[in-house]
Amino acid sequence: MIEALEKLHEEAARRLERCASEPELEQIRIDYLGRKGGKLTALMRGLRELPADERPRAGQELNRRRAELEDLLDARLKGLRENAATLADGGPRLDVTLPGNRPERGRVHPLTRVTDEIIDVFTGMGFEIARGPDVEDDYHNFEALNIPRDHPARDMQDTFFVSEDHVLRTHTSPVQIRVMEQRRPPLQIIAPGAVYRHDDDATHSPVFHQVEGFMVDHGITFGDLKGVLTHFLEQIFQDEVRVRFRPSFFPFTEPSAEVDIGCILCRADEDSGGCRVCRGSGWLEILGSGMIDPNVFDFVGYDTETFSGFAFGMGVERIAMLKYGMDDIRMFFQNDVRFLRQFPP
Ligand code: DAH
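Quick caveat, the model's predicted, so the values are computed rather than measured.

Visitor: Please explain the sheet that holds strand β8 (residues 283-292) as it appears in this structure.
Guide: To summarise the sheet geometry, strands pair through backbone hydrogen bonds and adopt either a parallel or an antiparallel arrangement. Read from one edge of the open sheet, seven strands run β1-β4-β5-β9-β8-β7-β6, paired in mixed fashion. Strands at the two margins of the open sheet, each flanked by one partner only, are β1 (128-129) and β6 (243-250). Of the pairings in the sheet, the one linking strand β4 (residues 187-196) to strand β5 (residues 207-217) comprises 10 bridges and is antiparallel in character. Each bridged residue has a counterpart across the sheet, and for P192 the counterpart in β5 is V211. Contacting β1, β4, β5 and β9 (308-315), helix α5 (residues 110-124) crosses the sheet at an angle of about 165 degrees to β4. Across the sheet, helix α8 (residues 222-236) lies against β6, β7 (253-262), β8 and β9, angled at about 145 degrees from β8, the strand it touches most.

In structure tokens, the structure reads:
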């Protein structure tokens, strides 16, 4: 008897939990407590058949369960009515004193940020922005930059070929050619964008970004190159960065110079040993530059007696890594929010 009662109660409680309307609730009341067919009522009637010594305890238990079930039914009814009222009222009440959910603010990707900083410094000196295609033809990526087919200079860059005659541009220098084909000097241009090389390790990524720049006019000299690039580096790396121009070679410039800055991490010089980042030299290579080779002017039809100019190219990732003290280029491209969140919005 007690067991049967236990089971009935559990069953009723389960039905009540699932019950979603008043008529349904009423049906549950009838099924268990109804005068005629109620299951609990039937158990009450059965009391008489029990041996006299069991009757009082069973009776007590039955009454207790009955009262409990009635309470449950009432509570559920109240809940249902309250729900209906809130819904009729246009949904749950708004508590304006609760703390709000702050939407997380997005951030500018560190590469975009550094690119924008570079652009700002050059536009401040009167440079305009130009762009070229990522899929470039052999002529613009190599030929017109004085890198003929089968010339060993092509080995300087591991090229991704799209077809026999098209490549993913290996540098932004072809934008020089595209602009000069379309326009006449005076020109002061920078060309930011993605470039591609078959290279992949902690300091090389198959896609990375460069900012190219060049200036062409009457009487542009190596002095202009030095002045513009020194000013740029002082702005980008702040305070008194040391700048050094070192002879180098690029097919599209003559003479060519690589530009180094004094190591911004150890601030050491050659004699005091340097650090891991500058590999003990005290200097960091930052960009390539030079006076535009007359052969390049020939390709775009500029008179080399009338015009001269300088050009330069730099890697955005390299500058960003130095500025932010990073040692793995791949972090820029993994989009790990824990990395990206370290940069202020
Ligand atoms: N295009 C060169 C590279 O990707 C960088 C460069 C060097 C660009 C010298 C220039 C320059 O315009 O004058 O390595």
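Right, picking up where we left off after that structure.
Visitor: Whenever I open this one, the nonpolar core confuses me. Can you help?
Guide: In a soluble, globular protein the nonpolar side chains are often hidden away together inside. In terms of nonpolar packing, the biggest core is built from 42 residues, with I118, F122, F232, F237, M314 and I319 touching the most fellow members. Counting residues per element, the ones that place at least two in this core are α5, β5, α8, β7, β8, β9, α10 (316-324) and α12 (337-340). Beyond its immediate chain neighbours, meaning those up to four positions away, F237 contacts I261, I264, I286, I319, L322 and K323. By size, the runner-up hydrophobic cluster in this structure holds 25 residues, among which are F142, I147, V216 and V300.

Visitor: What is the right way to look at the environment of F310 in this model?
Guide: Along the polypeptide, F310 turns up in strand β9. The spacing of F310 and F299 is 11 residues in sequence and 16 Å in space, taken between C-alpha atoms. When residues no more than four places from it in sequence are discounted, the contact partners of F310 are G213, F214, M215, I220, T221, D224, L225, V228, G290, M291 and I292.

Quick notes on the rules
- Residues numbered from 1 in each chain as written.
- Predicted model: local features only at pLDDT ≥ 70, side-chain atom pairs only at ≥ 80, totals over all residues.
- Heavy atoms only, no water.
- Pairing = 2+ DSSP bridges.
- Helix = DSSP H or I, 4+ residues; strand = E, 2+ residues; numbered from the N terminus.
- Contact = heavy atoms within 4.5 Å.
- Axes fitted to C-alpha atoms, helices over the stretch in contact; angles between N-to-C directions.
- Core = buried A, V, L, I, M, F, W, Y, C linked by side-chain atoms within 4.5 Å.
- Buried < 20%, exposed > 50% of the residue type's maximum accessible area, 1.4 Å probe, protein only.

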